[in-house]
Amino acid sequence: MSVFTGSAAWTKAITTAGPFGLLIMPWGENDATGGPSAATFRTQLELNITQARTAGFNGSILLVEMPKRGNATEPIWESFRAEIEAVAAADPDITVFDLRRRTPDYGTAEATELGLYADEAHYKDKGQGWVADQIASAILPR
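This is a predicted model, so every value here is computed, not measured. (Residues numbered from 1 in each chain as written. Predicted model: local features only at pLDDT ≥ 70, side-chain atom pairs only at ≥ 80, totals over all residues. Heavy atoms only, no water.)

*Asks:* Sorry, what's going on with helix α2 (residues 38–54) here?
*Replies:* The periodicity of an α-helix, 3.6 residues per turn, causes residues three or four places apart in sequence to face the same way. Taking 1.5 Å of rise per residue, 17 residues should cover 24 Å, and α2 covers 24 Å from first to last C-alpha, within 8% of that figure. Every buried residue of α2 is accounted for by A38, F41, L45, N48, I49 and A52. The buried residues of α2 occupy an angular sector of 95° when projected down its axis, which confines them to one face. Where α2 terminates, the next one or two residues include G56, which has phi positive at roughly 110°. (Helix = DSSP H or I, 4+ residues; strand = E, 2+ residues; numbered from the N terminus. Expected span 1.5 Å × (residues − 1). Buried < 20%, exposed > 50% of the residue type's maximum accessible area, 1.4 Å probe, protein only. Arc of directions from axis to C-beta.)

*Asks:* So what exactly am I meant to see when it comes to the side chain of D98 here?
*Replies:* Residue position: D98 is located in strand β3 (residues 94–98). According to the relative accessible area criterion, D98 is buried, its value standing at 18%. Within the structure, the side chain of D98 is placed 3.1 Å from the side chain of R81, a separation counted as a polar contact. Ignoring any residue separated from it by four or fewer positions in sequence, one finds D98 in contact with E65 and R81. (Polar contact = N/O pair within 3.5 Å; in protein donor to acceptor, adjacent residues only side chain to side chain. Contact = heavy atoms within 4.5 Å.)

*Asks:* Whenever I open this one, the pattern of salt bridges confuses me. Can you help?
*Replies:* Side chains that carry opposite charge are capable of pairing whenever their charged atoms lie near each other. Using the criterion set out here, one finds 8 salt bridges in the structure. For E83, the salt bridge identified is with R42, shortest N-O distance 3.3 Å. With E83 in helix α3 (residues 74–89) and R42 in helix α2, the pair connects residues that are 41 residues apart, well separated along the chain. Here E83 falls in the buried class, since its relative accessible area comes to 19%. (Salt bridge = Lys/Arg side-chain N within 4 Å of Asp/Glu carboxyl O.)

*Asks:* Help me understand the pairing of β3 in this model?
*Replies:* On a regular strand, one side chain projects to one face of the sheet and the next to the other, so that they alternate. Taken together, the 5 bridges between strand β2 (residues 60–65) and β3 define a ladder with parallel strand orientation. Note on β3: the bridge partner recorded for L62 is T95. You can see the chain leave β2, run along α3 and come back into β3, and the turn it takes is right-handed. (Pairing = 2+ DSSP bridges. Right-handed = clockwise from strand over helix to strand, strands pointing away.)

*Asks:* What is the right way to read the environment of D119 from this model?
*Replies:* Structurally, the position occupied by D119 is in strand β4 (residues 117–119). On the basis of relative accessible area, D119 is assigned to the partly exposed category, the value being 34%. A polar side-chain atom of D119 sits 2.8 Å from the main-chain amide nitrogen of H122.

*Asks:* Is there a simple way to explain a nonpolar patch on the surface in this structure?
*Replies:* The grouping of L22, I24, I139 and L140 at the surface amounts to a nonpolar patch, some 310 Å² of accessible area in total. Looking at the secondary structure, you find I24 in strand β1 (residues 22–25). (Patch = residues over 30% accessible without salt bridge, like charges linked within 9 Å, V, L, I, M, F, W, Y side chains within 5 Å. Areas by Shrake-Rupley, 256 points an atom, 1.4 Å probe, with all protein chains shown as cover.)

*Asks:* I tried to follow the packing of α2 against α3 on my own but got confused; where do I start?
*Replies:* Helix-helix packing: each pair is described by the crossing angle between the helix axes and the interaxial distance. Where α2 meets α3, the closest approach of the two axes is 9 Å, and the angle between their N-to-C directions is 35°. For the pair α2 and α3, the sense of crossing is right-handed. Contacts from A38, A39, F41, R42, L45, E46 and I49 of α2 reach α3 at S79, F80, E83, I84, A86 and V87. Residues of the contact of α2 with α3, tallied by class, amount to 9 nonpolar, 1 polar and 3 charged. (Axes fitted to C-alpha atoms, helices over the stretch in contact; angles between N-to-C directions. Left-handed = near helix turned anticlockwise from the far one by under 90°. Nonpolar A, V, L, I, M, F, W, Y, C, P; charged D, E, K, R; others polar.)

In structure tokens form, the structure reads like this:
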């Protein structure tokens, strides 16, 4: 069973979705384009993980390092990625998947040619499928 919710009420979805073993969290790219500091982002990420665990989720977590989008500079995005990696390093049930290695950043010629992004912060349907395929090919047995 898979569940997606991008709202603040995502922990409610976890408690009502039934049993599943993997929580995929592709977060950070919006924060890095004008949101909180990387340190604050990490605190919020850790809080969301704690909320999921408190709500009864006891499976593995995949933190997805997304492509850089919007106005985030390379150093800013790297600081967010460092926080994601630090959260994963502190918990043996959390793994990091670097989607950026498989998906071009917003605004690049390759991303434009592939037609993945609707705007600097959102994917088109084709982009959503691309992301899902990249994650699935990395985590499913071959």
